[in-house]
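Summary of the model geometry
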Amino acid sequence: MSELPPPTREVAHLVALIGPEATLALVERWGGTRLYLPKWSGPDSELWAVVGGDAARCLSERYGREQIEVPGARQWRILVYRGRGMSHAQIARATGCTERTVRRFLGRAAEVEQQLDFFQF
């Protein structure tokens, strides 16, 4: 897969723990909800199937027997999907927001990127 954009603050801790692709899979499946993580997750579990064995083990070791709030990560997902070439309409459907919201966010993100480029030497 292509390289994903840097994580937002909302998902940075998950990306650091299980990587960007597994984090994306986690938020696509359970984003915005609480998820109970067992102490051990095996190959027959839904968690293993969604995020993969290594990520499932890491999550269980870190958060086993706890519920975690899986972030919706809408802004990060918008950047990911745009980087993958999805249209504004496709992104809106995938993230559950309007095309206007997608356009507005991507416009702000481009402005910030331009400002950062301006201040780099």
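Residues numbered from 1 in each chain as written. Predicted model: local features only at pLDDT ≥ 70, side-chain atom pairs only at ≥ 80, totals over all residues. Heavy atoms only, no water.

Turning our eyes to something else, we now look at the pairing of strand E1 (residues 34-37). Residues Leu 35 and Leu 37 of E1 are buried on one face, while the alternating residues Arg 34 and Tyr 36, pointing to the opposite face, are not. Where E1 and strand E2 (residues 66-69) come together, four bridges link them in antiparallel fashion. The residue of E2 that forms the bridge with Tyr 36 is Gln 67. (Buried < 20%, exposed > 50% of the residue type's maximum accessible area, 1.4 Å probe, protein only. Helix = DSSP H or I, 4+ residues; strand = E, 2+ residues; numbered from the N terminus. Pairing = 2+ DSSP bridges.)

Turning our attention to the pattern of salt bridges. Tallying each qualifying case throughout the model produces four salt bridges. Among the salt bridges present, the one from Glu 21 reaches Arg 84, with a minimum N-O distance of 3.3 Å. Remark: Arg 84 occurs in the loop between helix H5 (74-83) and helix H6 (88-95) and Glu 21 occurs in helix H2 (residues 20-30); sequence separation between them is 63 residues. We classify Arg 84 as partly exposed; its relative accessible area is 33%. For Asp 54, the salt bridge identified is with Arg 57, shortest N-O distance 2.5 Å. (Salt bridge = Lys/Arg side-chain N within 4 Å of Asp/Glu carboxyl O.)

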